[in-house]
Amino acid sequence: MIDNLPKNYDPKSFEDRIYKHWMDNGYFKAEVNPDKKPFSIVLPPPNITGELHLGHALDHTLQDVLIRFKRMQGFETLWQPGTDHASIATEVKVVERMKQDEGLTKQDVGREGFLERAWKWRDEYGRVIVDQMKKIGNSCDWSRERFTLDEGCSKAVTEVFIRLYEKGLIYRGNRIINWCPDCKTSLSDIEVEHEERMGNFWHIKYPIKDSDEFVEIATTRPETMLGDTAIAVNPEDERYKHLIGKTAILPLMNREIPIIADEYVDLEFGTGAVKITPSHDPNDFEIGLRHNLPQINVMKEDASINSNGGKYAGMDRYEARKQIVKDLEELGLLVDIKERNHSVGQCYRCDTIVEPLTSDQWFVKMEDLAKPAIEAVENSKIKFIPQRFDKIYLHWLENIKDWCVSRQLWWGHRIPAYYCQDCDEIVVSRETPSECPKCGSGDFKQDEDVLDTWFSSALWPFSTLGWPEKTKELEYFYPTDVLVTGYDIIFFWVVRMAFSGIEFMKDVPFKHVFVHGLVRDAQGRKMSKSLGNGVDPIEIVDEYGADALRFTLVTGNSPGNDIRFHMERLDASRNFANKLWNATRFVLMNLTDEEISYDEVKTELNIADKWIVSRLQGVIKEVTDNMEKFELGLALQKTHDFIWNEYCDWYIEMTKTRLYGTDINRKKAAQYTLTYVLENILKLLHPFMPFITEEIWQNVPGFKDSVIIADWPVSDEKLIDVEIERSMELIMDAIRNIRNIRAEMNVVPSRKARLLAWTGREDTKDIIVKGEEYFKSLAGISEIEFVSNKEEIPSDAVAAVIDGGELFLPLEELIDLEKEIERLSKEKEKLESEIKRVNGKLSNKGFVEKAPAHLVDEERDKKVKYEEMLETVLERLKTLESK
RNA sequence: GGGGAAUUAGCUCAGCUGGCUAGAGUGCUUGCUUGACAUGCAAGAAGUCAGUGGUUCGAGUCCACUAUUUCCCACCA
């Protein structure tokens, strides 16, 4: 007897120790190894803005499962970890902290002072994040940890910027962009979140010059009228045709603006006349270009009105709006105020309402880059799982616009563009240029702006492997095998990695994109700080263990779908861990140090041994298939069911008589099989529940090294025995039947009963003989007696009808006739409905002719079986009712 | 305006390419201190697979429409 495990599963007592064991042995380390096939995943680098949440835990668990699976399969696995500097998000946080702790602003401390604080922040949170990932069990190669703002990544960013610039794919221009007045930076289109809101639609009339006429326009943002430079109408609009070419007077500013015709204007919408503000509306901007209209920007960087706004200069944009409406009203130019639902753009980091405005920015030209990225998905070089996401990806890329990549921030990669202070020349270069190619001046100033944070994450799959150097890692591990990420960052990240990888590596960055959903709270709401409904994964690990958390996240989750997180499910997961723990304890308590070989026991293996071994092979095959197809939830569910229902509930119980018996050979067969199956169970479960499987593994004598590096099991066809499985099904079915009778008849568990078996077929008899010991140990049977003539059965016995026979329990005084009739009637109804169903199928000519032969045969077999059983039941009912 | 997803037991969800009597966890009912586990064991009740059509020998699964919920995308001022 080996008794080295405590009675209850206590993850805290071993998880940290196990993780250290893995680290000390270098099991996570990836090497370039030409003798092995590579398998690589890059971790979506978590933002250093804070601590990890359940969404990360899900994302990381899925990756760890895949990596561990492949590692066991013998691949050279690289899970490349790292963190993201998250330019704008982190800058917002650092600014907040600075204000709170020191009462200082960015301007107070200056660029250098700010960056100093930001790096401090990064050191702090970078460490926290890594610690949290370790707690969850992630087997990343920590020796390769990277940061998007480290030296290597920065070098890659500069290189990419320069190469794109030289290719003409990056340009600087004055365009309309999204401006966040709070972060005081430009934003790309996807960094703006649109929300429907109720707002006002102000109808304003503009006087026509040299006329008594007015033209009425409608706007949701009256303050932008300060920058109006035209009025546009549809050229086909009969109402306004006569005004085209005339001049209107812009109220409040008293500026003369032309009335122009443009197809863009919708006759049906609003008044059919549109005020044109090229500097503050993307459509107006386009119209302005078409008609050579001047651009008048009326806002400062905090969105207050600038000197172009006349008497409103200095006012906040909403204050100005109020005043403008009031002034218009006083002038009698405000015609109407209507309520209207319209969409408002907000900054994705601070929720401030974004202003579109014209500004000098850097852009990436997207058309040429998008094309091959579209093709990569179209011809399946990149496959989305589930597939439906390729539509989303394609739609986005097909409608892509140029990407504004400059940000008026400090925390990030500074743009490698230098401006000659003596002429207007721009030089894009790896380092500060010494001489202006145009005027010869040596006086340069680097662009103040930094790059969009996604510019650097786009390079992650190759920048982390050493690009632009031609490293052996890059050669060996690129392209990565699968990218695991949430659907919410397909646009931000997946798309950009795709076109960057294709452009600079001439190959896709990943072959599969395994998409998961968001983790929501029990009510289905997004977890967020402001709602206070976030769950800290580390608290869960402390309370339930990392394995229970991982189990909870993987089960009940299918690709691409959100999951609701119910704390109660953690109990179930923990209970499963405890179950496995105790099953192992049972096995260990019944082992000796002596090693048992297969040859020693092979002639002693009985029906139960052969059954569980056969079933194991089936499970191995199915689970492996599921894993290969990214069906991780299914794989885990099947492993769980096998362990609990088949191994624990049936097989372990079936070994007890032999383990407690005196026949040493029979005992050894059970010990051998228990151990063999346990070993395989631990392997199958390890990717999902790495800690408990490792802890158990190392406590079983004879299990070599660590389960983390054990070979993934391969299903052995030779060990699959359909006949045995069928026999065992019959025995288990009979046992359930007897248990059911005993429960319904309220037979006390301690009361053993004789079993009288009548069998119509020889094979059924054989099976019952083989299962005799299990009827005794699992169904409370004292002895089995076969009868050839039903007349010998006492009339007060209770019957269980099985395939090919009838089992009688003579319970004498305990029998409740009515109850027994009721029970059998239920049985009868069930059989009748089954027979009806089977007959329906078999009498259908189409089914018999077109369905696969084995299915038809199966139905025929069933028909015979059920009809036999029904006959027996009817007979029995007749006997009872005559009493 | 366009696109996607969801709708299966009281609750939370699986159900992969159409083929056993539709499953699990949890909750519920009943009985168990059975020498691994009460974080457990055994037995049980519980489903019109949202609705309507269609394809098929066969539909929870495929197609169309409808309803409800939900997410994403979009420049209608």
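Above this note sits the structure.
Residues numbered from 1 in each chain as written. Chains lettered and ligands numbered in written order. Predicted model: local features only at pLDDT ≥ 70, side-chain atom pairs only at ≥ 80, totals over all residues. Heavy atoms only, no water.

1. Some details on the packing of helix 16 (residues 567-589) against helix 19 (residues 632-660)
- In the contact formed by helix 16 and helix 19, the axes pass within 11 Å of each other and the chain directions differ by 25 degrees. When the axis of helix 16 is compared with that of helix 19, the two are roughly parallel. Seen along the crossing, helix 16 lies across helix 19 with a hand that is left-handed. Contact residues: helix 16 offers N575, F576, K579, L580, A583, F586 and V587, while helix 19 offers H640, I643, W644, Y647, C648, D649, I652, T655, K656, L659 and Y660.
- Residues belonging to the contact of helix 16 with helix 19 are distributed by class as follows: 12 nonpolar, 3 polar and 3 charged. (Axes fitted to C-alpha atoms, helices over the stretch in contact; angles between N-to-C directions. Helix = DSSP H or I, 4+ residues; strand = E, 2+ residues; numbered from the N terminus. Parallel < 35°, antiparallel > 145°, perpendicular 65-115°, else oblique. Left-handed = near helix turned anticlockwise from the far one by under 90°. Contact = heavy atoms within 4.5 Å. Nonpolar A, V, L, I, M, F, W, Y, C, P; charged D, E, K, R; others polar.)

2. So, the sheet that holds strand 27 (residues 781-786)
- One open sheet holds the 4 strands; their spatial order is 27-26-29-28, and the pairing between them is mixed. Two strands in the sheet have a free side with no partner beyond their single neighbour: strand 27 and strand 28 (797-802). Neighbour to neighbour, the strand axes of the sheet diverge by 25 degrees on average, direction disregarded.
- Two elements, strand 26 (residues 753-759) and strand 29 (residues 805-810), share 4 bridges in a ladder whose sense is antiparallel. Residue pairing in the sheet places W758 in a bridge with E806 of strand 29.
- Against the sheet, helix 22 (residues 722-744) engages strand 26, strand 27, strand 28 and strand 29, with an angle of about 150 degrees to strand 28.
- Helix 24 (residues 772-779) rests against strand 26, strand 27 and strand 29 of the sheet, and its axis sits at about 145 degrees to strand 27. (Pairing = 2+ DSSP bridges.)

3. Digging into the environment of S406
- Here S406 shows up in strand 17 (residues 406-407).
- Look past the residues within four positions of S406 in its chain and what remains in contact with it is S186, Q361, W362, I415, D449 and V450.
- Among the polar contacts made by the side chain of S406, one reaches the side chain of Q361 at a distance of 2.6 Å. (Polar contact = N/O pair within 3.5 Å; in protein donor to acceptor, adjacent residues only side chain to side chain.)

4. Digging into the side chain of R585
- For R585, the location among the structural elements is in helix 16.
- At a separation of 2.8 Å, a polar atom in the side chain of R585 contacts the side chain of N582.
- Discounting chain neighbours no more than four positions away, the residues touching R585 are L5, P6 and K7.

5. Here we look at the protein's contact with RNA strand B
- Around RNA strand B, the surrounding shell holds 57 residues, and the nearest of these are N283, R340, R837, N844 and K850.
- What you see for RNA strand B is that sugar and phosphate hold 63% of its atoms within 4 Å of the protein.
- A distance of 2.5 Å separates a base oxygen of RNA strand B from a polar atom in the side chain of N283.
- Elements with a minimum of two residues in the surface near RNA strand B: helix 9 (389-398), helix 16, helix 19, helix 22, helix 25 (817-842), helix 26 (845-850) and helix 27 (853-881).
- With 10 residues, the single largest contributor to the surface near RNA strand B is helix 16.
- Residue classes in the surface near RNA strand B are distributed as 21 nonpolar, 16 polar and 20 charged. (Near = heavy atom within 4 Å.)

6. What to know about empty space enclosed by the protein
- Tallied over the entire structure, the rule returns 2 cavities of 30 Å³ or more.
- There is about 70 Å³ of room inside the largest cavity.
- Lining the largest cavity are V160, L164, V364, L369, W403, F455, A458, L459, F499, S500, E503 and F504.
- Listing elements by their share of the lining of the largest cavity, those giving two or more residues are helix 5 (151-166) and helix 13 (490-505).
- Of all the elements, helix 13 adds the most residues to the lining of the largest cavity, at 4 residues.
- In terms of residue class, the lining of the largest cavity is built from 10 nonpolar, 1 polar and 1 charged.
- When its volume is computed, the second largest cavity comes out at roughly 50 Å³.
- Secondary structure elements with two or more residues in the lining of the second largest cavity: helix 3 (87-102) and helix 10 (453-457).
- Among the residues forming the lining of the second largest cavity, the class breakdown is 5 nonpolar, 2 polar and 2 charged. (1 Å grid on protein atoms, 1.4 Å probe; cavity = no way out; pocket = protein on both sides within 12 Å on 5 of 7 lines; lining within 4 Å. Points joined across faces, edges and corners; volume = space filled by probe spheres on them.)

Everything listed here is a matter of geometry and, on its own, says nothing about what the molecule does.
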